[in-house]
Amino acid sequence: MSPHVPGSIQRERRLEAGISYTLLTLSVVFALLPVAWMLSTSFKTEAEAFSLPIHWIPQRPTSEAYVEMWTLKPFGTYFQNSIVVSGVTALLSTVLGALAGYGFSRFRFRGQTSLLAFFLATQMISGVLVIGPYFRVLAALELYNTLTGLIIAYVTICLPFAAWMSKGYFDSIPKELDEAGLVDGASRLQIFLRIIWPIAVPGTVSTLLFAFLLAWQDLLWALCLISIDEKRTVTLGVAFTVGEFIIKWPMLTAASLIGSLPTIILYLFLQRFYVEGLARGAVKG
Amino acid sequence: MASGRTWHDRHVGYLFLLPATLMLAAVLVFPALITLKLSLTPEGGSGWTLTLAHYQKAFRDPVLFQTFKNTFAFVAWSLVGHFVLGLGLAMALNQTLPGQTFFRLVALIPWTIPDVVAGIIFRWALNPIHGCLNPLLRLVFPSFPAEFQWLSNPTLAFPSLIFANVWRGYPLVMVMLLAGLMAIPRELYEAAEMDGASRVKRFWHVTLPGLSTIILIALALDMVWEFRRFALVLTMTGGGPGTLTEVLSTLVYKTYFQFFTFEYASAMAILMSLVLFILSLPYIILVGRER
């Protein structure tokens, strides 16, 4: 700190830091308490979950609930389904979205504003608006109860946002790079694939992650388009665990935790990309 | 040569946009048109005999009316919560403090929890006898009643639901605002500080103007997302008690798949989308003009 800074400003800075720490500590408690309660319950026996007074730390920690959930319901299959569906959706939306984003970011053409408005408007369309026709059309195409049907549905949620994030990200990359490529005689596609997209890796990773999370966390579409057990996704499996028995809380919290684990892990590993990509992509939008 | 490239370039631009546009038209616009047609078809009817009966019914439907009110309240209060919490935390995280990375990491965790799970956690945490909220409250306020009912209480079920949604949704708004704060040049603050502007003044004259666009974008996107919120409501309250916490997406879902009145459900979905579209029109215009 420079010696010219008056004491009052220093005091103010210390006060600011104090307020910030208080707020941040409270926020940690707020953010983690519900998760801690879920974690704690999942390691309890059924009897302990219903014993009073409540315990935050299980007195006899047991993985019973995890074993039960895994044997009673085919969660392995649910996981496989969720990974396939979310993965393919994320790839498809990100690639198509990146192409569209690049188109919006680098070209001027007639009808651009209307097309942009169209992409924005598709973000506003709610799943329930199209869920009825999906149910019927997919049944007619024999895609009801298939993962392919679910992927098509998820693209409706992910693609508009992927295009939007990519556009914002490409906007933040200097156009001079494209022009240099054009001077060297490269085609627009080559420039996109070899120069711009590689620079946009953080943005691409965050778009992939965002799309993956959106698809993974969905319940509405899976609920409407899947009715057989072997095609259920994890969230659907968890939701049905609520409905089928008298609620077995340790088992349900175990299933919930396992169902959230992939997104938590992905996020922890990629959070740098995620925050940067969202910051540059969505905010600049 | 130069004009030749421009002409060519314009068409290349269309080519980049073509795949996504076709895909969206096929998977979104086409089904939306089917919904529109279905909403104008008499119940059990087919072909092109059209009717406005479902819309007339909708305008007289007290449940739908209440659900619209619920949804507006749900969205408005969620937005207030997300904004206040998001801005407060973003400002706290925007300083160079030791441990900042840790705090940022933790603050974003609720966003990684799927809606379904968030609903389940809060239903369990708010359980009157075996949940953790009542004992925690009794720890702070010893006179708090022991088996206090949250979700089965007609006045408290809705605020409880909103509380859960605030927990679930503040991180995204926070990240966007944080990104906006980081983009405000430090020199602006330093100049204001040297001019003797107080904290409050700096907030009003530097922070808020610098953030205004991002605040609008974040709130507009959040509004759209909260308007469509489904799984949280379904697993936490299921719309109950009665229809007190019903929101539009759960009502339309139930009308489709539990009552099987497809035509009426379509009309509701169209009305819902129309309202959402009107509400987000300022945002679309704003962003369109920015270009």
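A quick note: this is a predicted structure, and the numbers were derived from the prediction, not measured.

Rules of the game
Residues numbered from 1 in each chain as written. Chains lettered and ligands numbered in written order. Predicted model: local features only at pLDDT ≥ 70, side-chain atom pairs only at ≥ 80, totals over all residues. Helix = DSSP H or I, 4+ residues; strand = E, 2+ residues; numbered from the N terminus. Rg over C-alpha atoms; globule rule 2.2 N^0.38 Å. Buried ≥ 20, exposed ≤ 12 C-beta atoms within 10 Å, placed from the backbone. Contact = placed C-beta atoms within 7 Å. Nonpolar A, V, L, I, M, F, W, Y, C, P; charged D, E, K, R; others polar. Axes fitted to C-alpha atoms, helices over the stretch in contact; angles between N-to-C directions. Left-handed = near helix turned anticlockwise from the far one by under 90°. Domains from an automatic or database assignment. Core = buried A, V, L, I, M, F, W, Y, C linked by C-beta atoms within 7 Å.

J.: Can you walk me through the overall build of chain A in this structure?
T.: When you go through chain A residue by residue, the secondary structure sums to 13 helices and 0 strands. Its helices and strands in sequence order give chain A the pattern α-α-α-α-α-α-α-α-α-α-α-α-α, from N to C terminus. Against the 2.2 N^0.38 benchmark of 19 Å for 285 residues, chain A shows a C-alpha radius of gyration of 24 Å, more extended than a compact globule. In terms of overall dimensions, chain A has a C-alpha envelope of 75 × 70 × 30 Å along the principal axes. In chain A, which comprises 285 residues, the proportion classed as buried is 48%.

J.: Explain the overall build of chain B to me, please; I cannot follow it from the model alone.
T.: Scanning chain B from N- to C-terminus turns up 13 helices and 0 strands. Ordered by position from the N terminus, the helices and strands of chain B form the series α-α-α-α-α-α-α-α-α-α-α-α-α. Relative to a compact globule of 291 residues, whose C-alpha radius of gyration would be 19 Å, chain B shows 24 Å and is clearly more extended. Overall size of chain B, expressed as C-alpha extent along the three principal axes, is 80 × 75 × 30 Å.

J.: Looking at this structure, how should I read the interface of chain B and chain A?
T.: Often, the extent of an interface is quoted as the loss of accessible area upon association of its parts. Between chain B and chain A, the contact holds 77 residues from the first and 80 residues from the second. Here the side of chain B that touches chain A takes 18 residues from helix α1 (residues 2-39) of chain B, the largest share from any one element. For the side of chain B that touches chain A, a count of residues per class yields 57 nonpolar, 13 polar and 7 charged.

J.: Whenever I open this one, the packing of helix α9 (residues 186-194) of chain B against helix α10 (residues 199-227) of chain B confuses me. Can you help?
T.: When two helices pack together, their arrangement is given by the angle between the helix axes and the distance between those axes. Residues and elements named next belong to chain B. The geometry of α9 relative to α10 is characterised by a closest axis approach of 10 Å and an angle of 145° between their N-to-C directions. The handedness of the crossing between α9 and α10 is right-handed. Contacts between α9 and α10 involve Leu-188, Tyr-189, Ala-192 and Glu-193 from the first element and Arg-202, His-205 and Val-206 from the second. Each residue belonging to the contact of α9 with α10 can be placed in one class, and the counts come to 4 nonpolar, 1 polar and 2 charged.

J.: Help me out: how do you make sense of the environment of Phe43(A) in this one?
T.: Residues and elements named next belong to chain A. Summarising the element assignment, Phe-43 is placed in the loop between α1 (7-42) and α2 (46-49). It is 24 Å that separates the C-alpha atoms of Phe-43 and Gln-80, two residues lying 37 residues apart in sequence. When sequence neighbours within four positions are dropped, the list of residues in contact with Phe-43 reads Pro-58, Pro-61, Thr-62 and Ser-63.

J.: What exactly am I supposed to notice about the domain arrangement of chain A here?
T.: Residue and element names in this part refer to chain A. We note that the domain assignment places domain 1 (7-42) and domain 2 (66-283) within chain A. Centre-to-centre separation of domain 1 and domain 2, based on C-alpha positions: 32 Å. Each side of the interface is counted separately: domain 1 has 4 residues, and domain 2 has 6 residues. Split into classes, the residues belonging to the side of domain 1 that touches domain 2 amount to 2 nonpolar, 2 polar and no charged.

J.: Even after reading the chapter, I still don't get the nonpolar core, so can you show me in this structure?
T.: As a rule of thumb, soluble globular proteins bury nonpolar side chains together. Tyr154(A), Leu225(A), Leu177(B) and Val252(B) are the most contacted members of the largest nonpolar core, which has 158 residues in total. Element by element, the count of residues in this core is highest for helix α7 (residues 147-171) of chain A, at 16 residues. Viewed by domain, this core spans two of them, domain 1 (7-42) and domain 2 (66-283) of chain A, each represented by three or more residues. Not counting residues within four places of it along the chain, the set of residues in contact with Leu225(A) comprises Tyr134(A), Phe135(A), Leu138(A), Tyr144(A), Gly149(A), Leu150(A) and Ala153(A).

J.: Just checking my understanding: could you explain unusual backbone geometry for this structure?
T.: Note: most peptide bonds trans; most residues except glycine with negative phi. We note that Asn145(A) has phi near 65°; this positive angle belongs to a residue other than glycine. Secondary-structure assignment places Asn145(A) in the loop between α6 (127-140) and α7. Non-glycine residue Phe260(B) carries a positive phi angle of around 55°. Inspection of the secondary structure assignment puts Phe260(B) in the loop between α12 (248-257) and α13 (262-290).

J.: Where do I start with the environment of Gln149(B) in this structure?
T.: By the element assignment, Gln149(B) lies in the loop between α7 (133-140) and α8 (157-183). For Gln149(B), a count of 16 C-beta atoms within 10 Å puts it in the partly exposed group.

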